[in-house]
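One letter stands for each residue in the lines below.
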Amino acid sequence: MTKIVKIKTGSRFEDHGSYSRIVAVDNWIFLSNTAGRNPETKEIPEDVVEQTRQVFANMARALAAVGATLADVVASRVFIQDPADTHAVMTIVGEMFRGIDPASTVTCPPLGSTVYKVEIEVTAFRGASTADTEKLTISL
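1. So, the overall build of the protein chain
On a plain count of helices and strands, the protein chain comes out with 3 helices and 6 strands. Listing every helix and strand of the protein chain by position from the N terminus yields β-α-β-β-α-β-α-β-β. Taking 14 Å as the expected radius of gyration for a compact globule of 140 residues, we find that the protein chain reaches 15 Å, a close match to that expectation. Its C-alpha atoms put the protein chain at 40 × 40 × 25 Å along the principal axes. Across the 140 residues in the protein chain, those meeting the buried criterion constitute 35%. Contacts in the protein chain between residues far apart in sequence, at least 24 positions, make up 68% of those at least 6 positions apart.

2. Regarding the sheet that holds strand 2 (residues 22–25)
The strand order across the open sheet formed by 6 strands is 1-2-3-6-4-5, and the pairing between neighbours is mixed. Each edge of the open sheet is held by one strand with a lone partner, namely strand 1 (4–7) and strand 5 (103–107). For this sheet the average axis-to-axis angle between neighbouring strands, irrespective of direction, equals 10°. Where strand 4 (residues 73–80) lies against strand 6 (residues 118–125), 7 bridges are found, and the strand directions are antiparallel. Each residue of the ladder has a partner; that of A75, found in strand 6, is T123. Packed on one face of the sheet, helix 2 (residues 48–64) meets strand 2, strand 3 (28–34), strand 4 and strand 6 and runs near 30° to strand 6.

3. Considerations on the packing of aromatic side chains
A full pass over the atoms with the stated rule returns 2 aromatic pairs. With 4.8 Å between their ring centres and 70° between their planes, W28 and F125 make a pair best called edge-to-face. With W28 in strand 3 and F125 in strand 6, this pair connects stretches of sequence that are 97 residues apart. Take W28: its relative accessible area is 40%, and that puts it in the partly exposed class. Ring centres of F56 and F97 lie 5.2 Å apart, and the angle between their planes is 75°; this geometry places the pair in the edge-to-face category. Residue F56 is found in helix 2, and its partner F97 is found in helix 3 (residues 86–97); the two are separated by 41 residues along the sequence. The buried category is assigned to F56, whose relative accessible area is 2%.

Criteria and thresholds
Residues numbered from 1 in each chain as written. Predicted model: local features only at pLDDT ≥ 70, side-chain atom pairs only at ≥ 80, totals over all residues. Heavy atoms only, no water. Helix = DSSP H or I, 4+ residues; strand = E, 2+ residues; numbered from the N terminus. Rg over C-alpha atoms; globule rule 2.2 N^0.38 Å. Buried < 20%, exposed > 50% of the residue type's maximum accessible area, 1.4 Å probe, protein only. Contact = heavy atoms within 4.5 Å. Pairing = 2+ DSSP bridges. Axes fitted to C-alpha atoms, helices over the stretch in contact; angles between N-to-C directions. Phe/Tyr/Trp six-rings, centres within 6.5 Å; stacked < 30°, edge-to-face > 60°.

Here it is as structure tokens:
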């Protein structure tokens, strides 16, 4: 039988919008758009690089709650408020996902607040980090 786990963090945004931070359906894990707010201090760094690093810390923490890691990520969607920040954000994304190589979408839409410079949403598969992986190169 399929098991579904829904995790909330207590964020007022989750309550207001009636969503979960994570929904795990068996080994599939769907992590909601995650911003760079420090969960202890509730502060959001002004620097886009620091914000991006905090996003990854937040995602790692959330994934750990369902027995997964960033290495289990199979797809990411990166939302960058200011197109001028794309290079800086993607440098950190590249560092964090080097060797994991998830499918990825990067876009620059307005976010929920100008305070948020970057948000990232991921899909993970528990165990992907240890699965037999074949890497191919094709031309498109």
